[in-house]
Amino acid sequence: MRVLVVIACLLLVAGCARTSPEDPALTGGISAQGLGAGGAAAGTFAPGSQAALQAEAGDTVFFAFDSSVLRPESQAVLRQQAAWLQRNPGIRVTVEGHTDERGTREYNLALGERRANAVRSFLIAQGVAADRIRTVSFGKDRPAVLGSNEQAWAQNRRAVTVVAAPVS
Amino acid sequence: MRTTRRQAMTSLAAVGALASAPAAGQLTVTIDRGTVRPLPIAVSPFAGGVAAQPEIGLQIAEVIGANLDRSGLFRTIDRSAYIQTPDDLADQGPRFADWRQINAEALVSGRVSAVDATNMAVEFRLFDVLTASERRGLRYTAPIDDWRRVAHKISDEIYSRITGESGYFDTRIVYVSETGLATQRVKRLAIMDQDGANHRFLTRGDSLVMTPRFAPDGETIAFLSFRTGEPQVALIDASGANDRLLGRFDGMTFAPRFSPDGQRLAMSLAAGGSTSLFMYDLRTQEMTRLTSGPHIDTSPSFSPDGGRLVFNSDRAGSPQLYVMDLGSGRAERISFGGGRYSTPAWSPRGDLVTFVNQQGGSFHVGLMRPDGGDERLITRSYLDDGPRFAPNGRVVVFERHDRASGRMRLFTIDVTGFNLREVATPLDATDPDWSPLRR
């Protein structure tokens, strides 16, 4: 049963990362959050690891240009993240907010922070303790994928939930 | 003659003006016109020399000529055309007919002599060839190792005499040197003379750095450091020493800008999804909130009198420019053209604000008056960012991303919109800031 749930999540995540109305071109993209996860058998990840979060809930949500609005598919991923965090109570995470390169550096630092906080607020609303979630913004300076086209920009407008040190 | 005011310094002193009769000046360049005819100028190799560096007179002349050429306001005549020799010029004064014959309208002569084993004296004279008169004469004493700075100071004197504006050659540029894939970019603070010489890295690249900004004295740099994992404003000496965090704040701090008196930093603090402006007092270490609300307020830049800030806010829905009076706290929007406006910087002259405008898939460096009037876009590319003024407010330096190659380079452009030039850097380059004139 557990394995089935995990597989369902994987399919959900794959769907989320690829079906956004604005970003039809995403299908062929080089994904930063690691398509490699799909190659490993479900359930083989170290408990509480980044790979486990990625496989069992999805670690990345995407945004429209200059937006921090969580789309329905992003909210679905974040509900899985919240559930995953409930199942792994010893884990703290950092939500990294990122932008595409189509803006100036300082504004994008602020926009990345806004995105990271949109995710954090959603997770808190789902019952995750606030002190388990830090945020950090990298603005446009840590893109997930290379390229200067709409496909790359769409994949770089993201917030990534990163497993930090376990709660001590 | 008040000639030594700006040159007063411990290591590089102008000991005085040489006797020169200021002529009724016909030799002028007016910068305000968009298309100027570059003034043909002859820069003779300086006569004399020092034992340790026999070519120093030629090297000084070459640095001066390159500075003047790069300004776009001068055209240095190739020295192979010069008829009068450097020694004869320095000893006997100009034979103006020789210089008219090669169509020089201005002429620079000079002489280098050793003071002792490590110090030298450099004198230069600027002549108006057409009126056969001397316009300027100065003597500097300086360590021989500082010969490039002497050449920059002489360049500033020439520029200033002929344009009526202060110069910008004895200055430095701090920027972020970038290398590696965009996804794992290594960024280091780097500093260099405005002509690219004396390039040096200030940080090692083991953590991200962004947006270095000179203090008004040019000796301290505020920047954004990711060293602790949390983005925070930090300070570092222009020598690379004393890399230190400003403090610990309840949120991410970024976009630092020094006040004109150097005592305060305006910056952004982001927390809970909102980015507001704050003022940090470097003496009391107190942080005072300037703006609030659920929006993004960032990229503050002081007016030269310190009384106002121009900044970037999305409070009206999209990023636009606002000017805040620091006395009343009132902010008024000044950008009303098409597209998105961001990263403003106030000219040290006070007359203009530069910014980035983004519309129709292109980025532009633009200029407008601080009241929003007379808006002009002077560049267009895939991505321009971070325009900052030279200390005389006549030139803007900015970063440009080339879409095809992925390269990021620094460029300068005159506020007239002419004279776009690349600033050579060893690696990719972003986030430039131009120092004040050095003292």
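The rules behind the values
- Residues numbered from 1 in each chain as written.
- Chains lettered and ligands numbered in written order.
- Predicted model: local features only at pLDDT ≥ 70, side-chain atom pairs only at ≥ 80, totals over all residues.
- Heavy atoms only, no water.
- Helix = DSSP H or I, 4+ residues; strand = E, 2+ residues; numbered from the N terminus.
- Buried < 20%, exposed > 50% of the residue type's maximum accessible area, 1.4 Å probe, protein only.
- Contact = heavy atoms within 4.5 Å.
- Areas by Shrake-Rupley, 256 points an atom, 1.4 Å probe, with all protein chains shown as cover.
- Polar contact = N/O pair within 3.5 Å; in protein donor to acceptor, adjacent residues only side chain to side chain.
- Axes fitted to C-alpha atoms, helices over the stretch in contact; angles between N-to-C directions.
- Parallel < 35°, antiparallel > 145°, perpendicular 65-115°, else oblique.
- Left-handed = near helix turned anticlockwise from the far one by under 90°.
- Nonpolar A, V, L, I, M, F, W, Y, C, P; charged D, E, K, R; others polar.
- Buried area = accessible area lost by both parts, 1.4 Å probe.
- Salt bridge = Lys/Arg side-chain N within 4 Å of Asp/Glu carboxyl O.

Let us now look at the overall build of chain B. Helices and strands together make up the secondary structure of chain B, namely four helices and 31 strands. Classification of the 439 residues of chain B by burial places 57% in the buried group. Within chain B, counting contacts between residues at least 6 apart in sequence, those at least 24 apart form 46% of the total. With the model as given, the accessible surface of chain B reaches about 16,700 Å², and the carbon-plus-sulfur share is 46%.

Residue and element names in this part refer to chain B. In this structure, serine 303 sits in the loop between β19 (297-302) and β20 (308-313). Here the side chain of serine 303 touches aspartate 305 through a polar contact of 2.6 Å, side chain to side chain. Apart from residues lying up to four places away in sequence, serine 303 is in contact with Pro260, Arg308 and Trp346.

All right, on to the packing of helix α1 (residues 56-70) of chain B against helix α4 (residues 147-163) of chain B then. Residue and element names in this part refer to chain B. Running from amino to carboxyl end, α1 crosses α4 at an angle of 45°, the nearest separation of the two axes being 9 Å. The angle between α1 and α4 places the two elements in the oblique class. Considering only the axes of α1 and α4, their crossing is right-handed. Along its contact with α1, which presents Ile56, Gln59, Ile60, Val63, Ile64, Asn67 and Leu68, the element α4 presents Trp147, Arg148, Ala151, His152, Ile154, Ser155 and Ile158. Each residue belonging to the contact of α1 with α4 can be placed in one class, and the counts come to nine nonpolar, four polar and one charged.

The interface is formed by 49 residues belonging to chain B together with 29 residues belonging to chain A. Buried surface at the junction of chain B and chain A, summed over both partners, amounts to about 3,000 Å²; 54% is from carbon and sulfur atoms. If you sort the residues of chain B by the area they bury against chain A, Thr183(B), Ile296(B) and Tyr382(B) come out on top, with a joint share of 18%. Between chain B and chain A we count nine salt bridges in total. If you look at where chain B meets chain A, you find 22 residue pairs in polar contact (both at pLDDT 80 or more). In terms of residue count, strand β15 (residues 252-258) of chain B provides more of the side of chain B that touches chain A than any other element does, four residues in total.

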